[in-house]
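# Observations on the model geometry
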Amino acid sequence: VQLQASGGGLVQAGGSLRLSCAASGRTFSRCTMGWFRQAPGKERVFVAAILWSGGSTNYADSVKGRFTISRDNAENTMYLQMNSLKPEDTAVYYCAAAFTTVQAMAIPERVNYWGQGTQVTVSS
């Protein structure tokens, strides 16, 4: 599975962005997909995950109620709709894929495939 993230940019606090992750490979539809982020000088942390069927999701507490993860298996694409953005959401966002549960996806070591990052900057 190869992953290509896009959609990052500069936005004011309170604004919205939608990230996309295009995947190649026939196993995409069987993978749990997710997003992580890494702020400067900090570790990469879990943001959200979605099961291969779309029937189950998992979110970090810091983004619950503001971010929504979704996927379109027909288009081999995953999305992260980010609303009510805060300056502390500023980070490089990475898409990821793994053959695991949405809960286990929160552990970076469980990720099988990483995409390149896309920068999200939220100004105050």
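Refer to the structure above for everything that follows.
What you see is a predicted model, and the numbers here were worked out from it, not measured in a lab.

### Here's the deal with the overall build of the protein
Within the protein one finds zero helices and ten strands. Secondary structure of the protein in N-to-C order comes out as β-β-β-β-β-β-β-β-β-β. By the compact-globule yardstick of 14 Å for 124 residues, the protein fits well, its C-alpha radius of gyration being 13 Å. In terms of overall dimensions, the protein has a C-alpha envelope of 40 × 25 × 25 Å along the principal axes. Across the 124 residues of the protein, 43% fall into the buried class. At a minimum sequence separation of 6, the contacts of the protein that also span at least 24 residues come to 57%. A total accessible area of about 6,100 Å² is found for the protein, and carbon and sulfur atoms account for 47% of it. Charge separation in the protein, taken as the distance between the mean sites of 11 positive and 7 negative side-chain charges, equals 4 Å.

### What about the sheet that holds strand E6 (residues 57–59)?
Pairing within the open sheet is mixed, and its six strands lie in the order E2-E10-E9-E4-E5-E6. At either margin of the open sheet sits one strand with a lone partner, and together these are strand E2 (9–12) and E6. In this sheet, neighbouring strand axes are inclined to one another by 30° on average, regardless of whether the strands run parallel or antiparallel. As paired elements, strand E5 (residues 44–50) and E6 share three bridges and run antiparallel to each other. The residue of E6 that forms the bridge with Ala48 is Tyr59.

### Examining the pattern of salt bridges
Evaluation of the coordinates by the stated rule reveals three salt bridges. Between Asp89 and Arg37 there is a salt bridge, with its nearest N and O atoms 2.9 Å apart. Linking Asp89 in the loop between strand E8 (77–82) and strand E9 (91–98) with Arg37 in strand E4 (residues 32–38), this pair joins segments that are 52 residues apart in sequence. For the pair Asp89 and Arg37, one class covers both residues: buried. Put simply, Asp61 and Lys64 hold a salt bridge, and the shortest N to O gap is 3.2 Å. Residue classification places Asp61 among the exposed positions, given a relative accessible area of 64%. Shared partners join several salt bridges into a network, and the residues in it are Arg37, Arg66 and Asp89.

The rules we used
- The numbering scheme is per chain: residues are counted from 1 as the chain's sequence reads.
- Reporting of local features is limited, given that this is a predicted model, to residues whose pLDDT is at least 70; pairs of side-chain atoms are given and counted only at 80 or more, and all residues count toward the totals for whole chains, interfaces and linings.
- Each side-chain value is worked out from all heavy atoms of the structure, with water and hydrogens disregarded.
- Working definition: helices are DSSP H or I runs of at least four residues, strands are E runs of at least two. Numbering for both runs from the N terminus.
- Note on method: radius of gyration uses C-alpha positions; expected globular size equals 2.2 Å times residues raised to 0.38.
- Exposure categories follow from relative accessible area, calculated using a 1.4 Å probe and restricted to protein chains: below 20% of the type maximum is buried, above 50% is exposed, and the middle band is partly exposed.
- By definition, residues are in contact when any of their heavy atoms lie within 4.5 Å.
- Per-residue accessibility takes into account occlusion by the displayed protein chains alone, with areas from the Shrake-Rupley method and a 1.4 Å probe.
- Neither His nor the chain ends contribute to the count of charged residues, in which Lys and Arg are positive and Asp and Glu negative.
- Charge positions come from single atoms, namely NZ of Lys, CZ of Arg, CG of Asp or CD of Glu.
- Only strands joined by at least two bridges in the DSSP assignment are considered to pair.
- Lines are fitted to the C-alpha atoms to define the axes, a helix being fitted only along its stretch in contact, and any angle between axes, read from their N-to-C directions, falls within 0 to 180 degrees.
- Salt-bridge detection follows one rule: a side-chain nitrogen of Lys or Arg within 4 Å of a carboxyl oxygen of Asp or Glu.

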